Amino acid sequence: MGGSGGVPGGAREWVDTLVIGAGQAGLATSHWLTKAGLDHLVVERRGRLGGGWNDRWDGFCLVAPNFTVLLPGMPYAGPDPDGFMSRAEVVDHVTEYAAAIGAPVRLGTTVTRLAASDDHLVAYTGAGTIHARNVVLATGPYQRPNVPAASLHLPGRIQQLHSHEYRRPGRLAAGAVLVVGTGQSGTQIAEELHEAGRDVHLAVSRCFAAPRRYRGRDTIWWMLQILLHGADVGHPFPTVADLPTPAARFGCDPHLSGKDGGHDIDLRRFARRGMHLYGRLESLDEWGYPRHVRGVTTHPGLYAVGLPWLHSEPSSVFAGIGADAAHIVEHIAGRRIGRHAGRTRS
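Let me sum up the structure you'll find in this document. (Residues numbered from 1 in each chain as written. Predicted model: local features only at pLDDT ≥ 70, side-chain atom pairs only at ≥ 80, totals over all residues. Heavy atoms only, no water.)

1. Overview of the overall build of the chain
Stated formally: Only DSSP runs of H or I covering at least 4 residues are called helices, and only runs of E covering at least 2 are called strands; the numbering of each starts at the N terminus. Categorising residues by exposure relies on relative accessible area from a 1.4 Å probe, with only protein chains included: less than 20% of the type maximum marks a residue as buried, more than 50% marks it as exposed, and the intermediate range marks it as partly exposed. Contacts between residues were defined by any pair of non-hydrogen atoms, one from each residue, lying within 4.5 Å. Shrake-Rupley sampling with a 1.4 Å probe provides the accessible areas, and residues are treated as covered by the protein chains on show and by no other component.
What the chain contains, in helices and strands, is 6 helices and 18 strands. Its C-alpha atoms give the chain principal-axis dimensions of roughly 75 × 55 × 40 Å. A total of 346 residues make up the chain; the buried ones form 45% of that total. Here the analysis covers contacts within the chain between residues at least 6 apart in sequence; of these, 67% occur between residues at least 24 apart. Of the accessible surface of the chain, which amounts to about 17800 Å², a share of 54% is contributed by carbon and sulfur atoms.

2. Some words on the layout of surface pockets
The cut-off we apply is this: Lining residues are those with an atom within 4 Å of a point, where the points come from a 1 Å grid over the protein atoms alone and group into cavities, where a 1.4 Å probe fits but cannot get out, or pockets, open sets with protein on both sides within 12 Å along at least five of seven lines. Grid points are joined across faces, edges and corners, and a volume is the space filled by probe spheres set on the points. Under the scheme applied, nonpolar residues are Ala, Val, Leu, Ile, Met, Phe, Trp, Tyr, Cys and Pro; charged residues are Asp, Glu, Lys and Arg; polar residues are all the others, including Gly.
Estimates place the volume of the second largest pocket at around 200 Å³. Lining of the second largest pocket is provided by 15 residues; of these, L227, S312, A319, G320 and A323 occupy positions nearest its centre. For the lining of the second largest pocket, the elements supplying multiple residues, two or more each, are α4 (219–229) and α6 (318–345). The leading source of residues in the lining of the second largest pocket is α6, at 6 residues. Residue composition of the lining of the second largest pocket, by class: 8 nonpolar, 5 polar and 2 charged.

3. Some words on helix α3 (residues 184–195)
To be explicit about the condition: A helix's residues, less one, multiplied by 1.5 Å, set its expected span.
Between the first and last C-alpha of α3 there are 17 Å, a value that for 12 residues agrees with the 16 Å anticipated at 1.5 Å per step. A large share of α3 lies buried, amounting to 9 of its 12 residues. Buried within α3 we find Q184, G186, T187, Q188, I189, A190, E191, E192 and L193. Looking at the packing, one finds that the buried side of α3 touches β9 (177–180), β10 (200–203), β13 (256–257), β14 (263–264) and α5 (267–272). Just downstream of α3, G197 is the residue with a positive phi angle, here 90 degrees.

4. A few points about a negative patch on the surface
Where we set the bar: Exposure above 30% relative accessible area and the absence of a salt bridge qualify a residue for a patch, where like charges join within 9 Å and nonpolar side chains (Val, Leu, Ile, Met, Phe, Trp, Tyr) within 5 Å. Salt bridge, as applied in this entry: a Lys or Arg side-chain nitrogen positioned within 4 Å of an Asp or Glu carboxyl oxygen. In summary, the charge assignment counts Lys and Arg as positive and Asp and Glu as negative, without counting His or the chain termini. The location of each charge is read from NZ of Lys, CZ of Arg, CG of Asp or CD of Glu.
There is a patch of like negative charges on the surface, built from D80, D82, E89, D92 and E96. One can find D80 in the loop between β4 (74–75) and α2 (87–100). We classify D80 as partly exposed; its relative accessible area is 40%.

5. Points about helix α1 (residues 24–35)
Look at α1: 17 Å from first C-alpha to last across 12 residues, which is about the 16 Å you get at 1.5 Å a residue. Of all 12 residues in α1, 9 are buried; the element is thus mostly enclosed. Turning to α1, its buried residues number three or more, namely Q24, A25, G26, L27, A28, T29, S30, H31 and L33.

6. Some words on the pattern of salt bridges
This structure, assessed with the given rule, holds 7 salt bridges. Of the charged contacts, one joins R46 and E44 as a salt bridge, the two residues approaching to 3.1 Å between their closest N and O atoms. Taking relative accessible area as the criterion, R46 reaches 12% and is therefore assigned buried. D55 is paired through a salt bridge with R46; the nearest N and O atoms lie 2.6 Å apart. Note on accessibility: D55 and R46 belong to one class, buried. Because the salt bridges share partners, they merge into one network encompassing E44, R46 and D55.

7. With respect to the packing of α1 against α2
Under the convention used in this document: Note on definitions: angles span 0 to 180 degrees between N-to-C directions of axes, and those axes are lines fitted to C-alpha atoms, for helices only across the stretch in contact. Comment on the angle field: the value is read as roughly parallel under 35 degrees, roughly antiparallel over 145, roughly perpendicular from 65 to 115, and oblique elsewhere. Each crossing gets its handedness from the near helix: less than a right angle anticlockwise from the far helix is left-handed, clockwise is right-handed.
Between α1 and α2, whose axes approach to 10 Å, the crossing angle comes to 20 degrees. With respect to each other, α1 and α2 are oriented roughly parallel. The two elements α1 and α2 meet at a crossing, and its hand is left-handed. Of α2, the residues touching α1 (which contributes L27, A28 and H31) are V94, Y97 and A98.

8. Observations regarding the sheet that holds strand β15 (residues 276–278)
Keep this limit in mind: Think of it this way: DSSP has to see at least two bridges between two strands before they count as a pair.
An order of β9-β10-β15 is seen for the 3 strands of this open sheet, with the pairing classed as parallel. Each end of this open sheet is capped by a strand with a single partner; those strands are β9 and β15. Averaged over all pairs of adjacent strands, the angle between their axes in this sheet comes to 20 degrees, without regard to strand direction. As paired elements, β9 and β10 share 4 bridges and run parallel to each other. Pairing of L178 across the sheet is with H201, part of β10.

9. Some words on the packing of aromatic side chains
For any pair of aromatic rings, the description consists of the separation of the ring centres together with the inter-plane angle of the planes. Condition: A pair of Phe, Tyr and Trp rings is counted when the ring centres sit within 6.5 Å of each other, with Trp represented by its six-membered ring. The angle between the planes then sorts it: under 30 degrees is stacked, over 60 is edge-to-face, the rest tilted. We count a charge as sitting over a ring when the NZ of a lysine or the CZ of an arginine lies within 6 Å of the ring centre and within 35 degrees of the ring normal.
Going through the model one piece at a time under the given rule, you end up with 6 aromatic pairs. Taken together, a centroid distance of 5.6 Å and an interplanar angle of 5 degrees make the contact between W53 and F318 stacked. Remark: F318 occurs in helix α6 and W53 occurs in the loop between β2 (40–43) and β3 (70–71); sequence separation between them is 265 residues. Across this residue pair, the class does not change: W53 and F318 are buried. Summarising the aromatic geometry, the rings of W57 and F60 are spaced 5.4 Å apart at their centres and angled 85 degrees between planes, so their arrangement reads as edge-to-face. Connected via pairs of aromatic rings, a cluster forms that spans W53, W57, F60, Y166 and F318. Against the face of Y124 rests R113, its NZ or CZ located 4.1 Å from the ring centre. Sitting over the ring of W221, R217 keeps its end group 4.2 Å from the ring centre.

Rendered as structure tokens:
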């Protein structure tokens, strides 16, 4: 495991299944592929393991408690199940998971293009091509920053950065700060900036509030019980088929934080403490998703995993990725069985 670069000399490489992305989605898929005895390779554009968690800001903590980190084959077994791992701890956990399952990961390998070729797919990298019968897209749901078009009209003297680029209050230019959007990143960053003494202006969105705890348990504990056991008592966790429109896949997560032991975030409390709240900033970009049914796309051999509402709301987080990855690996294994059966008949 590990290493960098790609195919030596720009040569062709062949593998049965190629997994693009070595975050939790790609690694969970690798786990099930290994269990099924299927040859595969996981490529990662970064030079280190940990996936997109490496890109979070310095003070980031998981919003869901540690007990939701249910990677297949290695659920969280640490000393603080009700706590919230920091960014560095999450990166370490994902890295340890890759080692524990023996994932065949190749780091520093960026896939720039994916094309169909006869009965297989071709992934183009900076060092050559990788040919695969199956390709699993596990690059995550938040790879392309969504920047409001209105930002193009702001004066150049105003520093602009996406939450993807934010690291800590001290790295922002002096003066007041406008935070656009009240998703989980926006509210947590706004809170951090305000606590650092910055004059914060917050353009709110349609995201909703939720209590951090209910009847002595974390709210997400109750949600996890429905995910794991709801079907047994007649209340299965909703899947993407239950959503009113495709756009509902992009609904907000509740205002919650894992900082300081975990707490809910109240915008009204922000206002009482001196933060300036405004309405929505208009002109947001459009979204796009691959055509698929629970990660099985319309193109034979092409799969996706780790996207929000791939099958259910937790599909992009630790608690739901394992089941989705198992589903697509079962499909991949079925294709292999069908191929061999066809050869036998001929």
